[in-house]
Amino acid sequence: MSPFADHSVLKIIEGAHLACVLKKHPALDSVLHLFPENVLVSGEENIPGLVASPTGDALLKPQTLKTLPFTLNRLTISLQPSLEKFESQLLQLINADLTFSHCFANSFASFALYCMCVSLCFFFSSTSSLPQILSLRSSLELRLTNHQALAIIFQLEYVFSTPIGRETMLSATATSRAAFLHSLRWGIWCPFQEPAEWKGEEIQLVLQGGAKPNPHGAMVYSTEVSAKAQSPAPNSAPGTAQVIQWHRRMLFHFAHLEMDLRRGEGDSASLHDEGDQLQELPFTPVHAPVITLGMNVSCSVSSRSSLAHLFSAGFPDIVDSSGQVAEVLDPTEPLPFDPKREETDLQGNLLVFQFLAFTRIAAPGVGPDWPENIYFTFQFYRFPPVTSQRLKLLTGDKIQHKASDPLPCVLASINKDGTVNTGSPGLQLQFRVDDSFLKPGEKRWFLRYLALHTMHIDIWDSDSLLLIGSTAIELKYMLRQCKSAVQALHEVEVLTTDYVGEDTLLTNPDLGRHSASSPMTVHTIVRGRLHIRTGNIGKYRKTRLQLCCSIVTFLLWHNNTNVANKAAILFLNKPDDSDRKLKCMAAVREREASEDAKTAKVTAQSKEAQLANPSEAKSKAESIANMLSQAITTRHLLYASLGSAEYMEFVLKNPFNVPQTVTIHSDDPELSVITNTEEWRYFKALTRTPTPLEENMFHSEQGAPGPRVYLRPKESLHVPLKYQSFLCDHTMGLQTGQKWHPWKSSRAEDGKPMAICQVNVEPTPHVVDQTFRLYHPELCFLKKAIRLPVWHDPAPGEPQDVYLKVPGSPSPHIKMFFVMVFTDKWMAAPSQIWQIYVHFLERVDVSCVTGQRSCQSLVLRGTQAIRKVKCFSSHPGEIEVDPAGVFILPPAAVQELQLKVQPWQAGSRFLYVNAVDVEHQRLVTAWLLCLNVHRPVLSKAFEVCVPVGGGRGSSRKITYTNPYTSSRTFLLRSDHPDLLQFKEDKFQIRGGESYTIGLRFAPSQSPGSVDILVYVNNLEEKTEETFCVKVNYS
C-alpha cells in the first residue's frame, strides 16, 4: 500500500518525481557549531551567529558575526537551606530510590558525592564550596556575538562515585570504582533580548529541574516541592533575566543563581533578607610573595684551575683598531668615571659581548648534566630585543671534575642542522653606537645609561624552553675614558626564585584546607654561573679623504690602475659638504621664485573662468584657505620615547593692532599646554631654557576646549608645551615612521585660527631597566608586589611596593606590558622602566606525600598540523612524564600523558611541565603543577653523631622486618642522597623476616645537625615505612 494513501491532503502526481542530491559544502565547516544537530536548515532562516546575506542565502558563503569580549564576574549559586542539607537530602533521595531496586539493594549505601561543578556551553570551571553558596574562584572570559537568539546556559552538575563489583564500602584505596556525572538543575539567560538595558542591578536566575524540555534533552533531578516552587526573582520568568549596563568590554555581575529546595512558602520573605552590612576592619592585602627589585647578583672569581681551563678553549681576543689587545678592567674594583671626559671623546663605540661559558651547580630535582643546551634573551639600550642562537655546553672527558669546584662548560654554537660548531667557541655579539646611530643630544643619555644601568639577561633551556634563571651585568666597565679599547671579564650568578608554603603533617586535621593568606617563603636559588666578557672599542668614522685613500689602495692592490685614477679624480673634484649645501639652497630659492611667478600668471588668466564655473571657484577657495593655513603653521620634530616628557615652547604672536583673547587647544591629549607655574618652572630648569616665565598666565574654565591667554596688540608670548605618551605597540624597536599632532590657537571672538603648531613625533625605542617573568594559572587574576629600591629617604621601616593585578588569559598565552616608575613630582622621565611577562599556564593541583609516588593524568590536544612533541619537566628528579621520548601528535588528536610525581620536599610548591615541538622549537602547551606536599607519618626515629672533617664519614645499621606473610621486594630512598648512601638500594626478604639496612653518612666540613628521612618503598614506590635519622656533625 502507498504510504500516502492514508493522508487526505497528499495526492500522487502521475509522471512526476522529486530528485534529491547530497553534496558536501566545505564552506560550512567553520560554522557547523552554530547549527542544531539533525535539523534541516535553509539559508533564508535567521541563524544566530551568521551575518545576513544580501542575496538571501546566508549558507552559500557564510560569514560569522564579530565577537565581543565579555567578563563573567562574581558568579555564585545559593543552595537552600544550606549546602550541607541540600547534599544530605540528595543522598537520602538517591539511596531511597535504590532501595526499591533489587539489583542495587545491597550497594545503595556505597554512593558518595565526589565533586560538583558548574558548566556553561562556552566554558567549564570548577567551583569551591562555601558554607552556604558555591562561588566561582575566578572570572570567565567569554566572546559572544550580539544576537537576540543567543543564550547562556548554566548547568549545575554533581559527580557521583560508587564501587564496582562486590565492594560495598567506600575506601580511599579502592581501585575498581565508577564515577558518573549527572545534572541537577539548569538555567538559561538571553542577554541580548529586548530591552537590553543593563543598569548594574543584581541578576537572579532560577535553576529549573524535573522532566521539562531543556537544551541538553536529559532528565534533570528534581523533587516534588522544588517543582512547585515559585521564582524568587521579581518580574522575571524562568530562563530570563534583566542585564546590566553595556560597555565595549561588558561585565556580567551575577549575584546569585538561586536553587530553591524549601518545603513551604512561609520562608519566601527571608530570601531577599540580606542582613545587616558588615563593618570593614583595617586590613592590609597580602600579595605574597614580594619580588625584590634588582638581581643583587654577586660577581665571583673562579679558582685558578677553572680560569686556566676556561681560557684554554681559545676565545677570540678583543683588540682595538690597531690590533692591540684591549686594556683589562677588574669588575670587582670600583671604577672612576669622568662624564666630561667621555663626552669629549670623538670616537664611536663598538660594544662587544662575548658569552664564554656556563658553570653548572648541583640542585635538587635535576641531574648533574643539566642543562645541556641553552640560549639567552636580553635587550641592550634601545636596540631590538636579542634572542641568541642555541648553545651547547661542552665538557672535557679527560678533565677531572670536583664537586666542590665545578669547572665551567665552554659554550659552542649549534648549527641549523643540529651539529655543534666546536671550531669557534663562545658567542660574540656586537652593537655599534656612533653619530649615525645617536640622535642629536643623545650621546649624554647613552653615557649615563652605561654608567648607571645593568643589563638583564635571561638564560633558557633550549630543549625544554624552561627558564633556568636570570642575571645582570654592570655596564659601567664599558666606558673607555678616551682609551682605544677596554674589556672586562664578568662571572655572575644565575638566580631564580622558588615559592614554598608551609608544610603539614599527613595526619593534620586541617589537611586539604588552603587559606588565601597562607604564608609563602621566597627562596633564591643559584642555578649556575655565567662567564661573559664585555668590551668597548673606539672607532673613528672615516673622512672623505680616508675613504678615497682606502678605495684607491684597494684598486691598486688588484692592479686596476685606470679605475683607481678615475676614482681619485672623482673624489678629489667632488665639492665639500658646505659648498654642496649652499648650491642646493640657491637652487631651491630659484625654483620657488619661478613657481611663484607661474602661479601669479595663472591666477590672472583664470579669474574669468572661475567666475563662470562655481565648482572651480569653490575649489580655489579651499586651496586659498589651505595656503593660508600653511602660512600660519609651524612644524617641529620630536624624538620621543615611552613615558618621557618632551618640553618645548611655542612663540605665539598677536598680529593685530587690538588685544586678543586666544584659546589654545590640541587634538591629541598627548600634546598639552603646561598651565601650572611650578611645573613650568621645573621643566625650564630641567631643559635650561632661558626664556621668561610669567605667573598666572593662563585662564582655564570648566568645559572650555583649552586654556585661554590674553595678548596685547603685536605682543608675543612663549607658550610652554609638553608631549608625553604612555602607549607602546611593542614594536618600537622596528618603528621608523612619524605621527603628527596638530595644536591650534584661535581667537575667542570668531574662532578663526591665529597660529598652528604641528608636532611631528618620531618614536624611539626606550630603555628597559628590569625584566620580570611571572608564571600564573590561566584565567585567574595575577596579584604580585614589586618592591621599589630606596631612591630617597623613606620613613624608617616602611618599604614601598608596587602592586600589580593582571587579568588572566588562556594557556599558553603570554602577556607583556611595561611599568614606568617616576620619582619626580612632574613625571618628566621614568626612573625605571620594567618589562613584565606573565606566562599563563594550565593549572594542575596535585596532593601527595614526600617520598611516595603519585600519578596524575594530563590531556594534550593536537593543533592544525602534525607535530613531533616531547615533554619536559622543570624537576626531572621529581617528575617523570610518560611517554618520555618524542611522539607524534596528529592534528586535532588527543594524547594522554601520565605524570609520576615523587617529591622530596614538603610544603606548597610550583613545578612546570612543557610540551615542546622538537622540530620547530616551539611551545605547544605548558602546565603549572601546584603541589601540596605533606610530611609522612614517621615509624621510628634515630640519632647519630658524625665527626667533622677528616674526610671520613660514618657507617650505621637499621633493622627492618617484613610485615607481610609473603616475600616482598623493597626500595630504599632518602631525601638527602648527597649526605646518606645505602649499601643496597633494593632488597628482597621473605615474609616475617628481618633485613639489616646499611647506611653510609658522608662527612661534613662544618658542625651542625640535619634530619634525614629514610623511605622504605615497594616496587610501585608506595611508602611502607619512614624513618627519621637526626645527624649531628660535631
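What counts as what
Once a new chain begins, its residue numbering starts again from 1 and follows that chain's sequence as written. Selection of residues for local features in this predicted model requires a pLDDT of at least 70, selection of side-chain atom pairs for listing and counting requires 80 or more, and totals for whole chains, interfaces and linings are taken over all residues. Side-chain measures here rest on the full set of heavy atoms in the structure, leaving out hydrogens and waters. Secondary structure is summarised from DSSP: a helix means a run of H or I of at least four residues, a strand means a run of E of at least two, and numbering begins at the N terminus for each. Only protein chains enter the accessibility calculation, which uses a 1.4 Å probe. A residue is then buried if its area is under 20% of the maximum for its type, exposed if over 50%, and partly exposed in between. Contacts are assigned to residue pairs that have any heavy atoms within 4.5 Å of one another. Only the protein chains shown count as cover for residues, and the accessible areas themselves come from Shrake-Rupley with a 1.4 Å probe. Take a side-chain nitrogen of Lys or Arg and a carboxyl oxygen of Asp or Glu: if they are within 4 Å of each other, that pair is a salt bridge. Pairing between two strands is assigned when DSSP locates at least 2 bridges connecting them. Axes here mean lines fitted to C-alpha atoms, for a helix over just the part in contact, with angles spanning 0 to 180 degrees between N-to-C directions. Centres within 6.5 Å make a pair out of two Phe, Tyr or Trp rings, where for Trp the six-membered ring is used; the pair is then stacked when the planes are under 30 degrees apart, edge-to-face when over 60, and tilted otherwise. Each residue carries a pLDDT value, the predictor's own confidence for that position, ranging from 0 to 100. As used here, the term nonpolar core means buried Ala, Val, Leu, Ile, Met, Phe, Trp, Tyr and Cys residues forming a set that is joined through side-chain atoms within 4.5 Å.

1. Observations concerning the overall build of the protein chain
When helices and strands are counted, the protein chain shows eleven helices and 52 strands. In the protein chain, buried positions account for 41% of the 1034 residues. Within the protein chain, counting contacts between residues at least 6 apart in sequence, those at least 24 apart form 72% of the total. For the protein chain, the exposed area adds up to about 60200 Å²; of that, 53% sits on carbon and sulfur atoms.

2. Section: the pattern of salt bridges
Tallied over the entire structure, the rule returns 17 salt bridges. The salt bridge partner of Lys-483 is Glu-327, with a shortest N-O separation of 3.1 Å. Of this pair, Lys-483 sits in the loop between β21 (467–474) and β22 (485–501) while Glu-327 sits in strand β12 (residues 327–329), placing them 156 residues apart in sequence. The class for Lys-483 is partly exposed, based on a relative accessible area of 31%. Among the residues examined, Glu-327 registers a relative accessible area of 39% and is labelled partly exposed. In this structure, Arg-843 and Asp-845 form a salt bridge, with 2.8 Å as the shortest nitrogen-oxygen distance. Under the relative-accessibility criterion, Arg-843 is labelled partly exposed at 37%.

3. Re the pairing of strand β35 (residues 801–806)
Of the two faces of β35, the one lined by Val-802, Leu-804 and Val-806 is fully buried and the one lined by Asp-801, Tyr-803 and Lys-805 carries no buried residue. Bridge count between strand β34 (residues 782–787) and β35: six bridges; the pairing is antiparallel. Bridge pairing links Leu-782 to Val-806 in β35.

4. Some details on the sheet that holds strand β50 (residues 994–1001)
The strand order β46-β50-β48 describes an open sheet built from three strands, whose pairing is antiparallel. The strands lining the two open edges of the sheet, one partner per strand, are β46 (954–961) and β48 (980–982). Between one strand axis and the next, the sheet turns by 30° as a mean value, whatever way the strands run. With three bridges joining them, β48 and β50 adopt antiparallel strand pairing. For Phe-982, the partnering residue across the bridge sits in β50 and is Leu-999.

5. Let's talk about the packing of aromatic side chains
What the rule picks out here adds up to 25 aromatic pairs. Both rings, one in Phe-378 and one in Phe-431, keep their centres 6.4 Å apart while their planes meet at 75°; by these two values the pair is edge-to-face. On the criterion of sequence distance, the pair formed by Phe-378 in strand β14 (residues 373–378) and Phe-431 in strand β19 (residues 427–433) is long-range, its members being 53 residues apart. Of the residues examined, Phe-378 reaches a relative accessible area of 5% and is grouped as buried. Between the aromatic rings of Tyr-682 and Phe-683, the centroid separation amounts to 5.7 Å while the plane-to-plane angle is 85°, which identifies the pairing as edge-to-face. A relative accessible area of 29% places Tyr-682 in the partly exposed class. Classification of Phe-683 by relative accessible area gives buried; the value is 1%. Chaining the aromatic ring pairs together yields one cluster made of Phe-353, Phe-355, Phe-376, Phe-378, Phe-380, Tyr-381, Phe-383, Phe-431, Phe-437, Phe-446 and Tyr-449.

6. What to know about helix α5 (residues 443–452)
Three or more residues of α5 are buried, namely Phe-446, Leu-447, Tyr-449, Leu-450 and Ala-451. Residues of α5 that are buried in the fold lie against α4 (339–343), β13 (348–360) and β19.

7. Quick word on the confidence of the model for the protein chain
Put simply, the protein chain has an average pLDDT of 76, and 70% of its residues get 70 or more. Ranking the helices and strands of the protein chain by mean pLDDT puts β14 first, with 95, and strand β10 (residues 250–259) last, with 31. A low-confidence stretch, residues 552–559 (pLDDT under 50), is modelled with eight contacts involving residues beyond four sequence positions or located in other chains.

8. Side note on the nonpolar core
Phe-353, Phe-355 and Phe-380 are the most contacted members of the largest nonpolar core, which totals 41 residues. Sorting elements by how many residues they give to this core places α5 first, with five residues. For Phe-380, the contacting residues outside a window of four places in its chain are Leu-351, Phe-353, Phe-431, Phe-446, Tyr-449, Leu-450, Met-455 and Leu-475. If you look at the next biggest cluster of nonpolar residues, it comprises 29 residues, including Leu-652, Ile-664, Val-673 and Tyr-723.

9. Focus on unusual backbone geometry
Cis geometry marks the peptide bond from Trp-370 to Pro-371, where omega comes out at -5°. Along the chain, Pro-371 falls in the loop between β13 and β14. A cis amide bond links Asp-882 to the next residue, Pro-883, at an omega of 10°. Here Pro-883 shows up in the loop between β40 (879–882) and β41 (887–889). With phi around 50°, Tyr-381 is a residue other than glycine that occupies positive phi space. Within the secondary structure, Tyr-381 sits in the loop between β14 and β15 (386–387).

10. Structural notes on the sheet that holds β40
Pairing within the open sheet is antiparallel, and its three strands lie in the order β38-β42-β40. In the strand order of this sheet, the two ends are held by β38 (854–861) and β40, each with one partner. With direction set aside, neighbouring strand axes in the sheet form an average angle of 25°. Strand direction decides the pairing type here: β40 and strand β42 (residues 894–901), joined by four bridges, are antiparallel. Bridging across to β42, Ile-879 finds its partner in Val-901.

11. A word on the pairing of strand β17 (residues 409–414)
β17 sits mainly inside the fold: six of its six residues count as buried. Here two bridges tie β13 to β17, and the two strands are oriented antiparallel to one another. Bridging from a neighbouring strand, Phe-358 pairs with Cys-409 of β17. In this sheet, β17 lies alongside strand β16 (residues 391–394) in antiparallel orientation, the contact comprising four bridges. Paired with Leu-391 across the two strands is Ser-413, which belongs to β17. The sheet contact formed by β17 and strand β18 (residues 420–425) spans two bridges and is antiparallel. Each residue of the ladder has a partner; that of Ile-414, found in β18, is Val-420.

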